[in-house]
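Breakdown of the fold
One-letter residues, chain by chain:
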Amino acid sequence: MAPRANWKGFLRLSLVTCPVALYPATSESEKISFNQLNRQTGHRIKYLKVDADTGDEVPNEDIVKGYELDKGQYIEVSKEELEEIALESTRTIEIDEFVDKSEIDPRYLIRPYYIRPDGKVGHDAFAVIRETIHEMNKVAIGRVVLTNREHIIALEPMDKGLVGTLLRYPYEVRSEAEYFDEIQDVKVTKDMLDLAKHIMDQKAGRFDPEKFEDHYETALIDLINQKRAGKSITPKSKPAATNVVDLMEALRRSVGKEAAPAKTANLPKKPRKAAAGHKEMLMPIEGKKPAKEAAAKKPAAKPQRKSA
């Protein structure tokens, strides 16, 4: 089943408008997640909304938003008052300008969304906007309201649709000066730079997300499977920290270390665990068999000979 749209409204470029829907392009649902339990009873922990002073539970209808002016002093803002200041971008993504993608600082990127026409109408207008962005080789910048807040959104064509990436405002991005000012000015010699470049050349490759494996997620799955099987968990020894004394010597050793694996490049690769649906690697609950396992136990049909 396709995910539900996070937002529905209109995409507008001047007088060209079409209905669109916005869907999350990423998901965290495949990751292992934990519940909090009472160690004594094994029961789940439940959180209640209570009055900070009286300790009494407060029903949702009695909870309002408030902005703290001073310690313990709040300005209450009702839902109706927030709706009154609703912006046009609540229902419309208005394209304001087109910029080069290289001009967008990566620190401003938040998360991507897929955008497609909503319903059977407006596909022509959507295609015109998409192809215009594509032909200009630019990124379209607009505004959209999600979770009651207005966001800047950068639109790029992808296949038959668009990818919209939410952007941060300048006040949300911290200045690098407060972190980098104390870094010492170090003179890097040409010999060191040449060795470092050689190491980088040996590690050169193409970006392919299929090569990446979430090792922590894999370790969690192994941990859960071991505990379900009743096995004892033995803590792994942590690698000892090394102190680099001679930087030049460390660079030379690194060159040799990176060159060695090249000899085994033709060896068969270890099969990588599938990223999608990796929770299937968890042990099945006793008494239940996964559909794949049940299907595998059915008697296989006798192979038929192919005629020459």
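Bear in mind that the values here come from a model prediction, so they are computed numbers and not experimental data.

Turning to the overall build of the protein chain, a few remarks are in order. Secondary structure assignment for the protein chain yields 7 helices and 9 strands. Burial statistics for the protein chain: of 308 residues in total, 19% are counted as buried. Taking as baseline every contact in the protein chain between residues at least 6 positions apart, the subset at least 24 positions apart corresponds to 65%. When the accessible surface of the protein chain is summed, it comes to about 26200 Å², and 54% of that surface belongs to carbon and sulfur atoms.

For the rest of this paragraph, the subject is the pattern of salt bridges. Pairing between side chains becomes possible if they bear opposite charge and their charged atoms approach one another. Evaluated as defined, the whole model comprises 13 salt bridges. Notably, a salt bridge pairs Arg 143 with Glu 150, separated by 3.8 Å at the nearest N-O pair. For Arg 143, a relative accessible area of 27% corresponds to the partly exposed category. It is possible to trace a salt-bridge network through shared partners that takes in Asp 96, Arg 143 and Glu 150.

For the rest of this paragraph, the subject is the side chain of His 151. Mapped onto the elements, His 151 comes out in strand S8 (residues 149-158). Setting aside residues up to four positions removed in sequence, His 151 forms contacts with Gly 142, Arg 143, Val 144, Leu 146, Leu 166 and Tyr 169.

Once that is clear, we can look at unusual backbone geometry. Positioned with a positive phi, Asn 137 is a non-glycine residue whose angle comes to about 55 degrees. Tracing the chain through its elements places Asn 137 in the loop between helix H2 (123-136) and strand S7 (139-146). Even without glycine at this site, Asp 159 takes up a positive phi of about 55 degrees. Within the secondary structure, Asp 159 sits in the loop between S8 and strand S9 (161-167).

What follows covers the sheet that holds strand S2 (residues 16-24). Pairing in this closed barrel of 7 strands is mixed, and the strands run S1-S2-S6-S9-S8-S7-S5 around the ring. Taken pair by pair, the neighbouring strands of this sheet meet at an average axis angle of 40 degrees, ignoring direction. Judged from the 7 bridges that link them, strand S1 (residues 7-13) and S2 form a sheet pairing that is antiparallel. Residue pairing for S2: Arg 12 is matched across the bridge by Thr 17. Packed onto the sheet, H2 meets S1, S2, strand S5 (92-99), strand S6 (109-117), S7, S8 and S9 and runs at close to 80 degrees relative to S2.

In the predicted model, the protein chain carries a mean pLDDT of 83, and the fraction of residues at 70 or more is 81%. Element-level pLDDT for the protein chain is lowest in helix H7 (residues 291-296), with a mean of 45, against a maximum mean of 97 in S9. Within the model, the stretch residues 262-276 combines pLDDT values under 50 with 8 contacts to residues more than four positions away or in other chains. A low-confidence stretch, residues 287-308 (pLDDT under 50), is modelled with 4 contacts involving residues beyond four sequence positions or located in other chains.

Below, the discussion takes up the pairing of S8. As paired strands, S7 and S8 are joined by 7 bridges and run antiparallel to one another. If you follow Val 144 over to S8, its bridge partner there is His 151. Of the pairings in the sheet, the one linking S8 to S9 comprises 7 bridges and is antiparallel in character. Bridge pairing links Ile 152 to Leu 167 in S9. Hairpin geometry of S8 and S9 is characterised by an intervening segment of 2 residues between the two adjacent antiparallel strands and by a positive phi of about 55 degrees at Asp 159.

Calculation notes
- Residues numbered from 1 in each chain as written.
- Predicted model: local features only at pLDDT ≥ 70, side-chain atom pairs only at ≥ 80, totals over all residues.
- Heavy atoms only, no water.
- Helix = DSSP H or I, 4+ residues; strand = E, 2+ residues; numbered from the N terminus.
- Buried < 20%, exposed > 50% of the residue type's maximum accessible area, 1.4 Å probe, protein only.
- Contact = heavy atoms within 4.5 Å.
- Areas by Shrake-Rupley, 256 points an atom, 1.4 Å probe, with all protein chains shown as cover.
- Salt bridge = Lys/Arg side-chain N within 4 Å of Asp/Glu carboxyl O.
- Pairing = 2+ DSSP bridges.
- Axes fitted to C-alpha atoms, helices over the stretch in contact; angles between N-to-C directions.
- pLDDT = per-residue confidence, 0-100.

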